[in-house]
Amino acid sequence: MSALTLWRHARLATMTTTAPWGWIERGALLTQGPRLHWVGPEADLPAGLAPQAEHDLGGALVTPGLIDCHTHLVYGGHRAREFEMRLQGASYEDIARAGGGIRSSVAATRAADDATLFESARARALALMAEGVTTIEVKSGYGLNFDDEARCLRVARRLAHELPLTVRTTSLAAHALPPEFDGRADDYIDAITQWLPRWHAEGLVDAVDGFCERIGFTVAQTRCVFEAARALGLPVKLHAEQLSDMGGAALAAQFGALSCDHLEHLNAAGIEAMARAGTVAVLLPGAFYFLRETRLPPVTALRAAGVPLAIASDHNPGSSPGLSLLLMLHMACMLFRLTPEEALQGVTVHASRALGLAATRGSLEAGKQADFAVWELDHPNELAYWFGRNPCRFVVRAGAAR
Ligand code: DI6
Ligand code: FE
């Protein structure tokens, strides 16, 4: 048996279902290499173990490492000029239809070399990690051709090699129609279905996503992409019902989607389909805020249907340029009326499920990966309360202090 490390005198929000917050008032964690060997009240520590190292956390709050389950972290340039245009009255959809929006980030991404893409994505990942994040999802979607999508996915993979961070990659080639396919959306979808097996063969893709929207792709086109994913055994997820009710969530649920994301315009049939399929609802208050949306996602109905609610940053240059997952907890409470406990569940247990990682991440339990954050706070409800402040003292990732 390899060496044990004891982390004692902690106030634990384990996020298991044993108590609100999975709370343990005076808790301890035993880690063994990258895993949690034992978690519980310090008074119940199994006798006869001789940990090789011991850390007194002085009563600090400990939570699972946070999980940002929806980001578009790899792109070139930024869209501050469009932000100014929107402040002067142009809408996000107007800008997209005029050839700006996602397409302008595609041009900047294609023009950026690998080193530039990597360095900018690395800086963004570090900003998320500073607030206790140990796992992120990264989508492609700003390359929109075979080579540039692959480059962006390789950058995402490299983040995991060079940083103490777990990265799940998602192909979002079906994000927007690239200019070279103007007027030929079905041909572009067909191209994606041919590219996917090649990206997958290179080990670049953990899941497949799409933007099912008036300014994105239709339900029928999204279905083609999902069928290609299914043929490769890849899980799917979907940007669904963000700007209009397209019925994307019901389609995604038919494919057993890990998650449907945004969901401001989700209808009752979509909610029921998600509940039946066990699909997670990923709420993105940053995009809601930055696009000045007014229609709220149907949180009460999702909750009543038992659909797990996750929260993510949706970091991207067009609709959510923020890099603070803690701010998203605050905004999920203020804008979407989640409770602080639901908000923390949304970036731990439920976020792990949205990434298909529930068996190894998202809560502090024996057998899971030893990813946890130590906070300068008294109570976990403060994680959603403060904003514009980083109370993270340090992070342990795969058993090692980061
Ligand atoms: N929905 C979003 O909010 C982002 N992508 C998507 O499908 C926005 C992407 C962008 O504007 O660059
Ligand atoms: Fe997104």
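Placed above this text is the structure.
> What exactly am I supposed to notice about the state of the cysteines here?
Formally, a disulfide is one covalent bond, and it connects the sulfur atom of one cysteine to the sulfur atom of another. Applying the stated criterion to the full structure yields zero disulfides. Summary of cysteine pairing: C224 is not part of a disulfide, and the nearest cysteine sulfur, belonging to C212, is at 12 Å.

> Would you mind going over the pairing of strand β3 (residues 35–41) with me for this structure?
On any regular strand, side chains alternate: one points to one face of the sheet, the next to the other face. Bridge count for strand β2 (residues 23–32) against β3 is six bridges, and the pairing is antiparallel. Paired with Q32 across the bridge in β3 is R35. Where β2 folds back on β3, the antiparallel hairpin that results is connected by two residues, among which G33 adopts a positive phi of roughly 55°.

> Help me understand the layout of surface pockets in this model?
Leftover empty space is mapped by rolling, across the atoms, a probe with the size of a water molecule. In this structure, the largest pocket occupies an estimated 350 Å³ of space. A96, R103, A176, L177 and I215 are the residues nearest the centre of the largest pocket, which is lined by 17 residues in total. Looking at the lining of the largest pocket, the elements with two or more residues in it are α2 (92–97) and α3 (102–111). Residue contributions to the lining of the largest pocket peak at three residues, all from α2. Partitioned by chemical class, the residues of the lining of the largest pocket number eight nonpolar, five polar and four charged. Of the volumes computed, that of the second largest pocket is approximately 270 Å³. R86, A90, F290, L291 and R292 are the residues nearest the centre of the second largest pocket, which is lined by 14 residues in total. When residues of the lining of the second largest pocket are traced back to their parent elements, those giving at least two are α1 (80–87), α2 and α10 (285–290). Taken together, the residues of the lining of the second largest pocket break down into eight nonpolar, two polar and four charged.

Conventions and cut-offs
- Residues numbered from 1 in each chain as written.
- Chains lettered and ligands numbered in written order.
- Predicted model: local features only at pLDDT ≥ 70, side-chain atom pairs only at ≥ 80, totals over all residues.
- Heavy atoms only, no water.
- Disulfide = S-S within 2.5 Å.
- Pairing = 2+ DSSP bridges.
- Helix = DSSP H or I, 4+ residues; strand = E, 2+ residues; numbered from the N terminus.
- 1 Å grid on protein atoms, 1.4 Å probe; cavity = no way out; pocket = protein on both sides within 12 Å on 5 of 7 lines; lining within 4 Å.
- Points joined across faces, edges and corners; volume = space filled by probe spheres on them.
- Nonpolar A, V, L, I, M, F, W, Y, C, P; charged D, E, K, R; others polar.

Everything listed is a geometric property; what it means functionally is a separate question.
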